[in-house]
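Each chain is listed here by its residues.
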Amino acid sequence: MNEQEFADKVVLITGAGKGTGAALAESFAARGARVALNDISPINVDEVAARITSSGGQARTYLHDVAKKVGVQALVKQVEDDWGRVDILIQHAAVEPHTPLLNLDEWDWHRTLDVNLTGAFLVLQSLGRVMRAQGGGVIVNLVGSSEVAGAYEASMSGLRGLSQAAARELGPFGIKVHAVELGPEAVKQILDLCR
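Rules behind the numbers
Residues numbered from 1 in each chain as written. Predicted model: local features only at pLDDT ≥ 70, side-chain atom pairs only at ≥ 80, totals over all residues. Heavy atoms only, no water. Helix = DSSP H or I, 4+ residues; strand = E, 2+ residues; numbered from the N terminus. Buried < 20%, exposed > 50% of the residue type's maximum accessible area, 1.4 Å probe, protein only. Polar contact = N/O pair within 3.5 Å; in protein donor to acceptor, adjacent residues only side chain to side chain. Contact = heavy atoms within 4.5 Å. Core = buried A, V, L, I, M, F, W, Y, C linked by side-chain atoms within 4.5 Å. Phe/Tyr/Trp six-rings, centres within 6.5 Å; stacked < 30°, edge-to-face > 60°. Lys NZ or Arg CZ within 6 Å of the ring centre and 35° of its normal. Lys, Arg positive; Asp, Glu negative; His and termini not counted. Salt bridge = Lys/Arg side-chain N within 4 Å of Asp/Glu carboxyl O. Arc of directions from axis to C-beta. Axes fitted to C-alpha atoms, helices over the stretch in contact; angles between N-to-C directions. Parallel < 35°, antiparallel > 145°, perpendicular 65-115°, else oblique. Left-handed = near helix turned anticlockwise from the far one by under 90°. Nonpolar A, V, L, I, M, F, W, Y, C, P; charged D, E, K, R; others polar.

K.L.:
Give me the side chain of Asp87: which residues, what numbers.
P.N.:
Tracing the backbone through its elements, the reader meets Asp87 in the loop between α3 (69-83) and β4 (88-91). What makes Asp87 buried here is its relative accessible area of 7%. Polar contacts involving the side chain of Asp87 include one to the main-chain amide nitrogen of Val10, which spans 2.8 Å. When neighbours within four sequence positions are excluded, Asp87 is seen to be in contact with Asp8, Lys9, Val10, Met131, Gln134, Gly137 and Val138.

Pasting the structure below:
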């Protein structure tokens, strides 16, 4: 492993406050990347940023709701202002209600689709334009499965389809788009795809 293999890269990670998002943030930073950490709440993401900077890495937090276009536009503008570019986008932001479909209320259904699918589209669209102007980039959408959360499963199916469509449309601009399944090998797989 080259400790500085991502030294010239800016990586934006949505949902970077915990789980695979946090693990990816620390992994990219340990390999020299400048990491833009997005989450809706500072509670966990500030701790991730503190761990990275205390280890000598470069990280900044950006608190925006990716389910809202205005929030996404502010996020992208702030990251561009701070870092000058975005080379890699990792989409990890997701909500997963644990309510069966027959008991799920409409607000939870909409919030799940808004964050997991619409949010992924909004960030992909905004950063896809940035990457097209830069001449390329990598977008990775993290997808998972759940046996009990129908809304989550529906949103993940949509995210897989969005990833396929984006790969076809953005490929000619030098932008690689991948859907990676959440799991124990996800971090290693994503690092390999972004090299």
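Next, the rest of the story.
K.L.:
So what about the nonpolar core? Which residues, and what values?
P.N.:
Core analysis: the largest hydrophobic core is formed by 27 residues, its most contacted members being Ile13, Phe28, Leu37, Ile90, Ile190 and Cys194. Listing elements by their share of this core, those giving two or more residues are β1 (10-14), α1 (19-30), β2 (34-39), α2 (42-54), β4, β5 (137-143) and α6 (186-194). In terms of residue count, the dominant contributor to this core is α1 (five residues). Apart from the residues within four sequence positions on either side, Leu37 is in contact with Ile13, Ala16, Ala25, Val45, Val48, Ala49, Ile52, Ala59, Arg60, Thr61 and Tyr62. Val79, Trp83, Val123 and Val130 belong to the second-largest nonpolar core, a separate cluster that totals 23 residues.

K.L.:
Go over the packing of aromatic side chains with me, naming the residues and quoting the values.
P.N.:
Applying the stated rule across the entire model yields one aromatic pair. Geometrically, the ring pair formed by Phe6 and Phe28 is edge-to-face, given 5.0 Å between the ring centres and 65 degrees between the ring planes. Pair noted here: Phe6 is in the segment before β1 and Phe28 is in helix α1, with a separation of 22 residues, a long-range link. Residue classification places Phe6 among the buried positions, given a relative accessible area of 1%. Sitting over the face of the ring of Trp83, Arg60 holds its NZ or CZ atom 4.8 Å from the ring centroid. Taking NZ or CZ as reference, Arg132 lies 5.6 Å from the ring centre of Phe173, over its face.

K.L.:
Tell me about the side chain of Asp39, and name the residues and values.
P.N.:
On the secondary structure map, Asp39 appears in strand β2. Salt bridges are absent for the buried Asp39, whose nearest opposite-charge side chain, Lys18, sits at 7.1 Å. With residues near it in sequence (within four places) discarded, Asp39 still touches Gly15, Ala16, Gly17, Val45, Tyr62, Leu63 and His64.

K.L.:
Kindly report on α6, identifying the contributing residues and their values.
P.N.:
For α6, the set of buried residues is Ala186, Ile190, Leu191 and Cys194. Seen end-on, α6 carries its buried residues on one side only, within an arc spanning 130 degrees. Those residues of α6 that are buried lie in contact with α1, β4, β5 and β6 (175-181).

K.L.:
Tell me what's going on with the environment of Ala179, and back it up with residues and numbers.
P.N.:
Here Ala179 is to be found in strand β6. Taking the C-alpha atoms as reference points, Ala179 and Asp65, separated by 114 residues in sequence, lie 21 Å from one another. Apart from the residues within four sequence positions on either side, Ala179 is in contact with Asn141 and Ser163.

K.L.:
Tell me what's going on with the packing of helix α4 (residues 106-134) against helix α5 (residues 150-170), and back it up with residues and numbers.
P.N.:
Where α4 meets α5, the closest approach of the two axes is 9 Å, and the angle between their N-to-C directions is 15 degrees. Classified by the angle their axes make, α4 and α5 are roughly parallel. Taken as a pair, α4 and α5 cross one another with a handedness that is right-handed. Residue-level inspection shows Trp109, Thr112, Leu113, Asn116, Leu117, Ala120, Phe121 and Leu124 of α4 in contact with α5, the latter providing Ala151, Tyr152, Ala154, Ser155, Met156, Gly158, Leu159, Leu162, Ala166 and Leu170. Considered class by class, the residues forming the contact of α4 with α5 number 14 nonpolar, four polar and no charged.

K.L.:
Tell me what's going on with the packing of α1 against α6, and back it up with residues and numbers.
P.N.:
Relative orientation of the contacting elements α1 and α6 amounts to 45 degrees, with a least axis distance of 10 Å. It follows from the interaxial angle that α1 and α6 lie oblique. The chirality of how α1 crosses α6 is right-handed. Within the contact between the two elements, α1 uses Thr20, Ala23, Leu24, Ser27 and Phe28 and α6 uses Ala186, Val187, Ile190, Leu191 and Cys194. Class assignment for the residues of the contact of α1 with α6 results in eight nonpolar, two polar and no charged.

Fair warning: the whole summary comes from geometry, so function is off the table for now.
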